[in-house]
Each structure stands twice: as C-alpha cells, then as structure tokens.
Amino acid sequence: MSDDQDRPRDPEIPEWIRDIHDQDQAPASHGDSEGSGRSMVPARDTLPERIYLLPIHNRPFFPAQVQPLVINRERWEETLHRVAKTTHHTVGLAFVGETAVDELDHEQFPEIGTAVKVHKIQGEETQFQFIAQGIQRFRITRWLSREPPFLVEVSYPREPVDAEDDETRAYAMAMINGIKELLPINPLYGEELKHYLNRFSPHEPGPLTDFAAAITSAKGQELQEVLATLPVMARMQKVLPLLRKEIDVAQLQSEISDQVNAQMQDRQREFFLREQLKVIQRELGISKDDRENDVDTFRDRLESLTVPPKVLTRIEEELDKLSVLETGSPEYGTTRNYLDWLTSLPWGVRSADNLDLPHARETLDRDHDGLKDVKERIIEFLAEGTFKGDVGGSILLLVGPPGVGKTSVGRSIAEALGREFYRFSVGGMRDEAEIKGHRRTYIGAMPGKLVQALKEVEVENPVIMLDEIDKMGQSFQGDPASALLEVLDPEQNVDFLDHYLDVRLDLSRVLFVCTANTLDSISPALLDRMEQIRLSGYIAEEKVAIAKHHFWPKLLKRDRIPKKRINLTDAALRQVIEGYAREAGVRQLEKQLHRIVRKAAVKLLENDQKSVRVSVNNLEDFLGAPLFRKEQVLEGEGVVTGLAWTSMGGATLPIEAGKVHALERGFKLTGKLGDVMKESANIAYSYVLGHLSEFGADADFFDSAFVHLHVPEGATPKDGPSAGVTMATALLSLATHRAIDRRLAMTGELTLTGQVLPVGGIREKVIAARRSDIFELILPEANRRDFDELPDYLREGIRVHFASRYPDVARVVFA
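Sequence order as written defines residue numbering, which begins from 1 separately in each chain. This being a predicted model, a pLDDT of at least 70 is required before a residue's local features are given, and a value of 80 or more before pairs of side-chain atoms are given or counted; all residues contribute to the totals for chains, interfaces and linings. The side-chain figures draw on all heavy atoms in the structure; neither hydrogens nor water molecules are used.

**Some words on the side chain of His89**
Here comes step 1: Tracing the sequence through the fold places His89 in the loop between α3 (73–85) and β3 (90–95).
Here comes step 2: At a separation of 3.1 Å, a polar atom in the side chain of His89 contacts the main-chain carbonyl oxygen of Ala84. Only DSSP runs of H or I reaching four residues or more are called helices, and only runs of E reaching two or more are called strands; each is numbered from the N terminus. Any pair of nitrogen or oxygen atoms within 3.5 Å is treated as a polar contact; in protein, a donor-acceptor pairing is required on top of that, and neighbouring residues in sequence qualify only through side-chain atoms on both sides.

Structure below.
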C-alpha cells in the first residue's frame with residue numbers, strides 16, 4: 001500500500017489542494033537534483049502563455065525569491081483552484097500597492113509581474129498559505145478576464161545582459177560584496193540566506209540583482225521600478241544604491257545596539273561589583289546594610305535634639321521594631337517614614353527672640369505706612385513679652401478688608417522678632433486631617449500642616465500665619481474650625497496631639513497670627529481664643545505715602561525702569577487714589593500704578609522718548625475714564641446722609657423720604673433692605689409719627705400722607721442696626737419741610753422711646769466721612785470712647801456731636 005493510501009484525508013481540505021501536495025511529494029526529476037545548485041527553472045518555451053493573476057500589496061515578488069505567501073481564502077480560492085487544475089501550476093504575482101481588495105480593478109495591475117510556481121498549499125478557515133517559487137518576469141499582453149479570477153495572456157521579455165562585460169562583472173562583484181557585508185551586521189539575515197547566496201555568481205548578474213533587491217527594505221514602488229527594469233545593467237544601477245543604503249542603516253542600527261549593550265554591561269558590572277563590595281565589607285565588619293544605616297541616621301539626628309522622655313521612649317520602640325523588619329516589607333517603609341517625621345521635628349530647638357522695641361518700630365515703619373494704632377498694639381504686645389521673656393502662646397487675629405496688609409503685617413512681626421515665618425491658608429479647608437493629620441493606618445498618611453510647618457522652619461517657636469480663617473468650610477470629613485480649637489487655645493496647645501505622630505507636641509511657644517475679613521463666619525468658641533486687632537483701611541493721605549514709599553519704587557525696580565524716565569506728579573497720584581482706587585485696601589491702587597508703568601513703557605519705546613510725565617491732564621490717557629466720581633452729598637427735604645460699615649470698609653449711605661400722595665395713609669420701603677433695617681425704618685416711622693408736635697411739625701401730617709422711604713443703590717444688600725437715627729431724621733425733615741443746610745452725616749440706632757443706641761465700625765465710618773469731605777458728624781454718646789481712641793490724624797478737623805436721645809439729634813440738625 002502506498003504512502004498516499006496510508007495518509008488520512010482531511011474532509012476540510014479540498015481535493016485540489018491534496019493534488020498539489022501529491023505532486024510536491026513526487027520524486028524530483030533528474031534536473032532537479034540537489035547537486036545542480038539551483039532549483040530547476042522551466043525553459044522559456046515551456047512557460048504558459050495564459051496565467052491567472054494574484055495581487056500582492058506590501059512589496060513586489062522577484063524571480064530570485066522563494067518564500068511563503070498568505071492570501072484571503074474567500075476572495076482567491078477560485079483562482080488557486082484553477083491554478084491547481086493546470087499542469088504547470090504557475091500563477092502571476094503583481095504588485096498593486098495599498099489598493100483595497102474591494103476596490104481592486106484590472107487597471108491597478110502593473111504591466112510587469114513575476115510568474116511563480118505554486119507549492120504546498122495549506123488551507124485554513126479564512127486564508128490560504130502556499131510557497132511561491134519565482135520563475136520569470138512576465139508582461140501582460142492581453143486581458144482575458146477583467147474580474148476575479150483574473151486571466152491574462154503574457155509574454156516573457158528578454159533581459160539584455162553581457163555577463164562577460166567588465167563593467168557588468170564589476171557591478172556584480174560589488175553587489176556580492178555588499179550582500180556579504182550586510183549579512184553579519186543584520187540579525188534578520190540568517191545562515192540559510194548565506195547558503196542561498198552561494199548559489200549566485202558574477203556570471204549570472206540577473207538573478208543576483210533580483211536577490212539583492214529582494215533582501216532590501218526599500219519601499220514597494222521603488223522595488224516595482226526595479227522589477228520593471230529589463231536591462232540588467234540598468235537594473236543593477238538602481239539596486240546597488242538601495243543595497244548601499246540598507247548597509248548604512250544596518251551599520252547605524254548595529255552601532256546603536258552596541259552602545260546600548262555596552263551601557264547595560266557597564267551598569268550590570270557596576271551593580272555586581274557593588275554587591276560584592278557590600279558582602280566583603282559586611283564580612284570584614286566595615287560596612288552596614290540599609291537597615292543599619294537608617295537606624296544610625298535616626299540616632300544621629302537625636303543627638304542634637306532635646307526630646308521629651310515620652311517621645312524618646314516611643315522613638316526607641318520604633319527603632320527596635322525597625323531593626324528586626326525586612327527592608328522589603330511594607331511595614332518597614334511605614335515605620336521608616338514615621339521615624340523620619342519624629343526625628344525631623346525640632347525638639348527643644350528655639351530661636352532667640354529680638355525684643356528690642358526700637359528695632360520693632362523701625363521694622364514696622366519700614367514695611368508699612370499708616371496703621372499707627374495697629375503698630376502701637378503690636379509694640380504693646382512685644383513690650384509685654386519683654387517682661388515675660390517670651391511672646392509665644394499668643395494668638396493674634398488681624399481683621400480687616402481685603403488689601404489692607406494683614407499678611408504683610410504678620411510677616412513684619414516675624415521679622416521684628418527675628419523668628420522664622422510660615423504661612424498657609426485655611427480658606428476652603430474642609431478636612432480636619434489637614435490640621436490634626438491622618439492616622440497611620442491609612443495609605444499615604446501624613447501629619448497635619450502644623451507638624452509640617454515645624455519640620456520646615458526647624459524651630460519650636462516660629463510665627464505661623466493661618467490665612468483666611470473666616471473662610472473655612474465643613475464636610476463629611478470633619479470640621480477643621482473645631483480642630484483649630486485645640487491648636488489656638490493657650491491652655492491646650494501645650495499638649496497638642498497629631499493623629500499621625502500620636503505623641504504630644506508643644507505648640508505653646510508658637511506665635512499664631514490669623515487673618516480674616518469679617519468675624520461673622522468665625523465660631524464664637526474660636527473667636528474667644530484670639531486677640532483681635534482691626535485694620536480698618538487707609539485714608540487718602542496714607543495711600544499717597546504707601547504709593548510713594550512702596551508701590552511706585554517697587555514697580556519701577558521690578559521692570560528695571562530708571563526713576564527719572566517716568567515722572568508721576570503728586571496731583572496725578574492723588575487723582576488715581578480718588579478716581580480709580582477708592583477701596584479700603586491698596587491692592588487696586590497697586591494695579592492701577594502698574595497699569596501706568598506698562599503704558600508709559602510703551603510710549604518710551606514706540607515714541608523714542610527720554611521720559612514720560614504723568615499728570616492730571618493726561619492721566620485718562622493711561623487709565624481711561626475715572627471709575628469713581630466725587631461723591632455728591634444729596635440735599636433737599638427728606639434727604640439725610642448716614643454712615644454705614646461694610647466688609648470692604650466704611651461708606652456713606654444717603655437716605656431719602658418723600659411724600660407720594662395725600663389720598664391715604666401709608667408707608668413704603670425700598671432699597672434691598674435686610675430685616676434689621678426694615679425694623680429700624682418702622683421704629684423710626686413710629687417714633688416720628690408719635691412725636692411730630694414736639695419737633696414743630698404738623699401733628700396730622702402723616703394721617704393723609706403716603707410716605708416712601710428709599711435707600712439708593714438698591715442692588716446692594718444693606719442690613720445692620722445703625723440707620724435708625726438717619727431714617728428718623730429724613731422723615732422729620734419731610735414732615736417739617738426743612739432741608740439740612742450743610743454737609744452733615746450721622747449714625748446710630750433708635751428705640752421707640754427715642755434712645756440713641758451705640759453702633760460699631762466707628763473708625764470705618766469716620767474714614768468714609770473724610771473721604772466724602774464731610775467733617776461734621778453725629779454719633780451716639782455711648783461711642784464717645786471709640787471716637788476718642790481714634791488716631792489724631794483721623795480726628796483732626798472733624799466736629800462731632802454726641803447724642804444720647806433723639807431730641808439731641810434734632811437740635812443739632814434743625815437748630
């Protein structure tokens with residue numbers, strides 16, 4: 001029984017594939033023996049005149065090639081089936097580039113292709129694989145079938161060559177040498193390719209050239225041009241540069257690979273030597289491992305510290321634990337980080353306080369103009385510390401509008417004392433772990449901000465500023481404001497407990513300076529632990545001094561512009577303050593001055609000017625139209641100017657009362673007033689209504705009058721118990737038909753019995769009055785002390801009337 005009969009038949013493989021396998025298995029002819037050196041190529045007259053075509057996409061196939069090909073089964077099965085039925089088993093391969101199979105048309109096929117012998121077809125579910133043996137170039141002469149399976153008539157063109165020509169032999173030898181040069185430096189070409197090369201000789205330049213082109217990585221279109229070049233000499237002239245380029249790329253790749261391997265070998269060698277050195281040193285007792293190095297590092301840190309006994313006990317316990325843990329274990333890393341924090345804190349390390357009051361005054365005056373009362377309060381605080389010998393444990397709260405210099409005052413305090421300064425903002429903080437730290441059981445746990453601050457400043461007694469303390473939030477992660485109670489309580493912070501450290505930390509020597517814009521959002525318990533210092537804002541004279549001494553020199557120095565090249569007149573500076581930066585702070589003033597510097601720099605460069613002068617006349621060229629106009633005090637019957645406090649400082653508050661009609665009695669309020677101001681308006685209306693005759697007005701005036709009380713700037717919310725006196729005066733002015741004949745402002749709350757109650761924000765209200773050129777005020781008698789405590793420069797030129805009951809107000813207004 002033959003081998004063919006013994007071999008089982010796979011029902012999935014078509015019969016025509018088995019036929020090709022059977023023919024491949026048949027004994028080779030005499031001309032196909034291994035000793036011939038090359039596989040037998042059919043003679044030109046035995047090649048078929050009609051062949052089927054298969055497209056290839058990546059690169060063309062050359063006659064010198066023998067390699068497997070994979071094609072789509074569904075698309076080309078019929079073509080292979082018909083090839084299998086032929087006696088010659090020959091198919092034409094044509095390069096079609098990137099053309100998609102679905103869009104393939106006979107016009108995409110090139111004129112020149114390669115006829116190949118099909119061997120060993122293997123069928124799978126979606127594709128066929130077969131070995132293609134290149135035979136001969138063909139030229140398409142006529143299309144017999146323009147649809148798959150493509151069938152064409154072909155001719156086999158001659159390849160003109162004179163193998164014995166010296167030039168041809170020289171090209172052939174150069175090509176053989178190039179291939180031999182390429183093989184050892186490119187790992188892609190193996191031993192099989194070397195044996196294959198031995199079959200070619202200079203006497204057969206055509207196959208040699210095709211082989212050389214086939215092993216290059218040139219683009220498909222370049223290789224197709226080589227395939228379509230029939231004269232062998234011209235073809236060799238195209239292939240030799242491609243082969244040379246391939247050699248250059250392979251050499252570069254080899255050099256890069258050698259460099260990388262050399263670096264890797266050096267690093268591996270260094271690593272092995274270091275490891276060997278560690279082992280040798282350890283055996284000799286002159287070296288330590290990583291664990292011993294860590295323990296020694298932590299112990300060295302403790303030598304310069306004065307650690308409390310309880311903390312030292314905890315450190316020793318952790319060091320003993322660290323010495324028995326494996327360095328690669330997660331717990332080793334956790335313990336090491338914990339010890340790193342414990343030994344990095346400045347236990348017992350303090351900086352000496354400079355309690356020299358003249359030095360403190362000099363520092364504060366150098367950094368800040370104005371704020372005399374604030375500076376005096378700080379000097380008093382330092383003087384107290386001089387007798388105590390220490391200013392630690394105190395908590396200062398600087399309260400004031402934005403831009404008045406709260407943060408810079410805190411920095412100046414630290415500089416005056418000679419202490420380290422650390423600032424962090426608690427505005428928007430929602431997690432109490434930011435204050436008290438995370439517990440060590442959590443991944444990525446860290447101490448709180450206070451511990452981090454002490455580690456950074458490296459002393460136990462720094463100045464720590466908690467900025468924006470009025471803007472802390474709450475969330476499911478806790479209440480950081482409550483966590484601050486322990487920090488800011490002088491009775492508790494001597495034993496502050498951070499959750500991460502889990503040891504007691506003494507914060508009593510820290511000077512805490514907090515800042516806030518308002519007190520409303522600060523919890524009473526927290527507020528009770530702090531000493532308040534108010535920064536109420538600046539008047540125009542103070543802003544002029546700040547601009548001259550600080551902002552203007554700083555801006556010119558920062559932009560490296562000589563002072564003489566930009567001249568800002570005093571009148572222009574005052575106009576900037578009055579017309580563009582009227583807020584309580586000075587941040588907007590700095591922005592406007594910076595704007596002037598930028599505009600002036602443009603003029604200096606574009607107009608090639610030596611200097612620019614900024615005066616009142618050309619100020620609008622730099623800043624545009626003023627944002628604020630001179631406040632006009634409203635006058636007339638029923639019009640009175642009040643004084644109000646806001647978080648941005650003080651402001652004048654005009655109040656208008658008018659009679660709408662006499663058809664019925666009524667009272668209407670407008671101006672986006674809060675509940676407290678509405679109550680004040682109703683109290684004022686009731687008081688005036690019940691005491692008209694006492695003030696010389698018609699007792700029946702309001703019986704038939706519909707009165708409208710309005711507070712201008714209605715879009716701005718207004719609330720607070722300080723406008724009762726002003727509203728009552730406006731209603732009385734309306735009822736008596738008498739207008740206020742001078743610039744006068746007032747503040748105070750009124751009761752139904754006519755008592756004038758005290759109000760807050762006297763400093764801010766006095767500043768607002770001065771800003772509006774109002775120098776006659778009416779204040780509650782109970783606020784006399786607040787006015788007397790104001791600095792002399794604020795009280796200068798102001799005439800104040802103090803009233804305990806409303807008749808006192810009426811006598812001043814309508815005298």
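We are not done yet, so read on.
**Quick look at the pattern of salt bridges**
Here comes step 1: In what follows, salt bridge is the name for a side-chain nitrogen of Lys or Arg lying within 4 Å of a carboxyl oxygen of Asp or Glu. All chains considered together, the criterion is met by 34 salt bridges.
Here comes step 2: The partner of Glu789 in a salt bridge is Arg785, and the shortest N-O contact between them spans 3.2 Å. Considered together, Glu789 and Arg785 belong to a single accessibility category, that of exposed residues.
Here comes step 3: One network of salt bridges, with partners in common, ties together Arg137, Glu159, Asp210 and Arg235. Relative accessibility decides the category of a residue: with a 1.4 Å probe and only protein chains considered, values under 20% of the type maximum give buried, values over 50% give exposed, and everything between is partly exposed.

**Here's the deal with the nonpolar core**
Here comes step 1: Residues enter a nonpolar core if they are buried and are Ala, Val, Leu, Ile, Met, Phe, Trp, Tyr or Cys, with the set joined through side-chain atoms within 4.5 Å. In terms of nonpolar packing, the biggest core is built from 56 residues, with Leu397, Ile469, Leu488, Phe512 and Met530 touching the most fellow members.
Here comes step 2: Residue contacts follow a heavy-atom distance rule, with two residues in contact if any of their heavy atoms lie within 4.5 Å. The contact partners of Leu488, leaving out residues within four places of it in the chain, are Ile395, Leu466, Ile469, Phe512, Cys514, Leu526, Arg529 and Met530.
Here comes step 3: Of all hydrophobic cores here, the second largest spans 55 residues; its members include Val404, Val513, Ile566 and Ile577.

**Some details on the side chain of Gln65**
Here comes step 1: Here Gln65 is to be found in the loop between β1 (50–56) and β2 (66–72).
Here comes step 2: For Gln65, a relative accessible area of 11% corresponds to the buried category.
Here comes step 3: Reaching out from Gln65, the side chain makes a polar contact with the side chain of Gln67 at a distance of 2.8 Å.

**Section: the packing of aromatic side chains**
Here comes step 1: Two rings from Phe, Tyr or Trp (for Trp, the six-membered ring) form a pair when their centres sit within 6.5 Å of each other. Planes less than 30 degrees apart are called stacked, planes more than 60 degrees apart edge-to-face, and all others tilted. Evaluation of the coordinates by the stated rule reveals 14 aromatic pairs.
Here comes step 2: By the ring-pair criterion, three or more aromatic residues cluster together here, those being Trp76, Phe109, Trp143 and Phe150.
Here comes step 3: To sit over a ring, a charge needs its Lys NZ or Arg CZ within 6 Å of the ring centre and within 35 degrees of the ring normal. We note Arg440 situated over the ring of Tyr338; from NZ or CZ to the ring centre the distance is 3.6 Å.

**What about a negative patch on the surface?**
Here comes step 1: A residue counts toward a patch only above 30% relative accessible area and without a salt bridge, and it is joined to like-charged neighbours within 9 Å or, for Val, Leu, Ile, Met, Phe, Trp and Tyr, to nonpolar neighbours within 5 Å. Surface accessibility in these figures is a Shrake-Rupley result with a 1.4 Å probe; residues are shielded only by whichever protein chains are displayed. Working convention for charge: Lys and Arg count positive, Asp and Glu count negative, and His plus the chain ends are omitted. By convention, charge coordinates are those of NZ in Lys, CZ in Arg, CG in Asp, or CD in Glu. Residues Asp162, Glu164, Asp165, Asp166 and Glu167 make up a contiguous surface patch of negative charge.
Here comes step 2: Residue class for Asp166 comes out exposed when judged on its relative accessible area of 63%.

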